[in-house]
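Here's the letter readout for the chains.
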Amino acid sequence: MVAERSIALWKCNSYEMYGPRIGVLFAAVSIIMALGATTWVMWNEDFHQHSVYCSAATIATIDRLQLLLLVLCGIDIMTLLLVGVLFTCNDIAIKRNHFNLNSSYQLHENYSVLRIILPLILFQTICYAIFSGSSGIIFAFRHRFTLVGFRTFLAAVYVMPYYTLISPILMWSVIRYSQRLKATKLKSLIKREKSGNDVYFKTYLEMWNNRAVLKR
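Residues numbered from 1 in each chain as written. Predicted model: local features only at pLDDT ≥ 70, side-chain atom pairs only at ≥ 80, totals over all residues. Heavy atoms only, no water.

## Regarding the layout of surface pockets
Its boundaries defined by the atoms lining it, the largest pocket holds a volume of some 1400 Å³. Lining of the largest pocket is provided by 30 residues; of these, Ser-30, Leu-72, Ile-75, Asp-76 and Gln-124 occupy positions nearest its centre. Put simply, the parts of the chain that give the lining of the largest pocket at least two residues each are α1 (2-10), α2 (21-42), α3 (62-94) and α4 (101-140). Considering each element in turn, the lining of the largest pocket owes the most residues, 11 residues, to α2. By residue class, the composition of the lining of the largest pocket is 22 nonpolar, six polar and two charged. (1 Å grid on protein atoms, 1.4 Å probe; cavity = no way out; pocket = protein on both sides within 12 Å on 5 of 7 lines; lining within 4 Å. Points joined across faces, edges and corners; volume = space filled by probe spheres on them. Helix = DSSP H or I, 4+ residues; strand = E, 2+ residues; numbered from the N terminus. Nonpolar A, V, L, I, M, F, W, Y, C, P; charged D, E, K, R; others polar.)

Right, dumping it as structure tokens:
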């Protein structure tokens with residue numbers, strides 16, 4: 001999402017012309033990268049062996065998995081920083097004096113999207129950063145633990161069940177908030193307070209219409 005909104009900020013004048021291609025491209029790249037990372041981690045795994053503990057961290061995969069988790073933790077931290085940078089750049093761009101209708105729409109759309117989805121982004125990024133960072137650190141110091149202690153610490157920092165539990169509720173709240181925000185904007189556009197001039201000219205309009213009807 002951060003990358004997509006960054007492109008919308010960068011190409012704010014012509015972003016509408018891209019259509020759904022950017023979203024499809026990012027989805028395809030994400031799937032390919034996930035499959036590639038999983039294949040790379042599990043490449044040396046011997047699937048003929050039996051394990052009493054369900055985990056991707058085995059003797060054959062733990063070194064690569066440790067590196068992958070630390071890289072993912074770095075990406076999560078970078079994502080948090082980029083969200084702040086994107087928000088700041090978008091705010092600066094909105095305050096410019098010279099921009100056209102397309103860029104103005106995209107800049108305000110960026111602001112609305114970031115404000116609405118920011119809680120979900122922060123929650124997801126922090127959860128993944130805690131999981132990947134703590135798991136990577138435990139893997140790095142695995143030689144100082146017993147096997148039982150190592151598995152216990154891994155289970156203790158496995159926050160994905162909490163993420164799975166809370167994220168749908170947070171997503172539902174984000175959707176409800178977005179719907180209320182759209183409804184409020186629509187009402188503000190439809191509802192227009194009548195000024196003194198509006199009342200004055202409307203009265204004369206009704207008078208002229210009534211006279212025209214009487215003449216007929």
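## A closer look at the nonpolar core
With 13 residues, the main nonpolar core has Leu-65, Leu-69, Phe-131, Ile-138, Phe-139, Phe-150 and Leu-154 as its most contacted residues. Of all the secondary-structure elements, those providing two or more residues to this core are α3, α4 and α5 (147-156). Broken down by element, this core gets its largest block of residues, four residues, from α3. In terms of nonpolar packing, the next biggest core, distinct from the first, is built from five residues, Val-83, Leu-86, Leu-114 and Ile-121 among them. (Core = buried A, V, L, I, M, F, W, Y, C linked by side-chain atoms within 4.5 Å. Buried < 20%, exposed > 50% of the residue type's maximum accessible area, 1.4 Å probe, protein only.)

## Looking at the packing of α2 against α3
Between α2 and α3, the shortest axis-to-axis distance is 8 Å and the interhelical angle comes to 150°. The angle between α2 and α3 falls in the class roughly antiparallel. Across from Ala-37, Trp-40 and Val-41 in α2, the residues of α3 making contact are Arg-64, Leu-65, Leu-67 and Leu-68. Split by residue class, the contact of α2 with α3 holds six nonpolar, no polar and one charged. (Axes fitted to C-alpha atoms, helices over the stretch in contact; angles between N-to-C directions. Parallel < 35°, antiparallel > 145°, perpendicular 65-115°, else oblique. Contact = heavy atoms within 4.5 Å.)

## Quick notes on the UniProt feature "transmembrane region" (unreviewed entry) in the protein chain
When the UniProt feature table is mapped onto this chain, "transmembrane region" (unreviewed entry) is found at residues 21-43, 67-93, 113-141 and 153-175. Split by type, residues 21-43 is 96% helix and 0% strand. Its first and last C-alpha atoms lie 32 Å apart. Between the first and last C-alpha atoms of residues 113-141 the distance is 41 Å; the span itself is 97% helix and 0% strand. (UniProt positions renumbered as here; feature names shortened; annotations may be inferred.)

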